[in-house]
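Remarks on the overall topology
Chain by chain, the residues run as shown.
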Amino acid sequence: MEDTSIASRFKDLKEIEILLHTFGKQACTLIEKYHFYKGYQAGIRRLLAMIAEDRFDLIAFTVKPRVEIRNFLAGFFNDRGGNQPEIWLENTTIFLKTPGSRECITLEAEKKNPVPHQDICFIYCRSFALGLISIFADLIPGLKVSHYNISSRRLPGGDCVEAFQIVVA
């Protein structure tokens, strides 16, 4: 199981800061791919565990893939503990929201590492979540995941909101 402790996350953030400092914005693509594939691996591990425990129903998934992906994400964050985003589905889009920067790892991380909040949300958090659910785009014909950031700020009362549109052809 992947180490999800805050100390491990700070180490990840320090590594992001080092790459950004050394290579500039060119490092963003590299970092994004790295965290996408960490999420992808976590998604595969979660799916395998669900299958082994008879908690994955392929028929239910193909009937309501958006609901099942939303439940998959919620289950991951629930099992992981710690930073718990609000997760909901509207039409074809799944939203992850950290209200008022509650439990955002960047609050403490920025004190230790000069990594901008936006870089962490874009590169670290969203990439991981995208990887986590992209396994289904590779497993289910016609399913695609498109992602975008709605807001990424730590202003008083500011929310971080990520959106993952699930397209089924």
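Residues numbered from 1 in each chain as written. Predicted model: local features only at pLDDT ≥ 70, side-chain atom pairs only at ≥ 80, totals over all residues. Heavy atoms only, no water.

**Quick word on the packing of helix 2 (residues 27-52) against helix 4 (residues 65-80)**
Helices that pack against each other are described as a pair by the angle of their axes relative to one another and the distance between those axes. It is the contact of helix 2 with helix 4, at a shortest axis distance of 11 Å, that shows an interaxial angle of 95 degrees. One element, helix 2, and the other, helix 4, form an angle in the roughly perpendicular class. On the side of helix 2, the interface is formed by Ala 42, Gly 43, Arg 46, Leu 47 and Met 50, while helix 4 contributes Phe 72, Gly 75, Phe 76 and Asp 79. Here the residues of the contact of helix 2 with helix 4 are counted per class, giving five nonpolar, two polar and two charged. (Axes fitted to C-alpha atoms, helices over the stretch in contact; angles between N-to-C directions. Helix = DSSP H or I, 4+ residues; strand = E, 2+ residues; numbered from the N terminus. Parallel < 35°, antiparallel > 145°, perpendicular 65-115°, else oblique. Contact = heavy atoms within 4.5 Å. Nonpolar A, V, L, I, M, F, W, Y, C, P; charged D, E, K, R; others polar.)

**Let's talk about helix 2**
For helix 2, with 26 residues, the first-to-last C-alpha span of 38 Å sits near the 38 Å given by 1.5 Å per residue. The first or second residue beyond helix 2 is Asp 54, which carries a positive phi of 55 degrees. (Expected span 1.5 Å × (residues − 1).)

**Describing the pairing of strand 2 (residues 93-98)**
With five of six residues buried, strand 2 is to be regarded as a mostly interior element. Where strand 1 (residues 86-90) and strand 2 come together, five bridges link them in antiparallel fashion. Opposite Trp 88, over in strand 2, you have Phe 95 as the bridge partner. One ladder, built from six bridges, connects strand 2 with strand 4 (residues 160-168); its direction is antiparallel. By the bridge assignment for strand 4, Thr 93 is matched with Gln 165. (Buried < 20%, exposed > 50% of the residue type's maximum accessible area, 1.4 Å probe, protein only. Pairing = 2+ DSSP bridges.)

**A closer look at the side chain of Arg 126**
Along the chain, Arg 126 falls in helix 6 (residues 117-139). There is a polar contact of 2.7 Å between the side chain of Arg 126 and the side chain of Glu 162. (Polar contact = N/O pair within 3.5 Å; in protein donor to acceptor, adjacent residues only side chain to side chain.)

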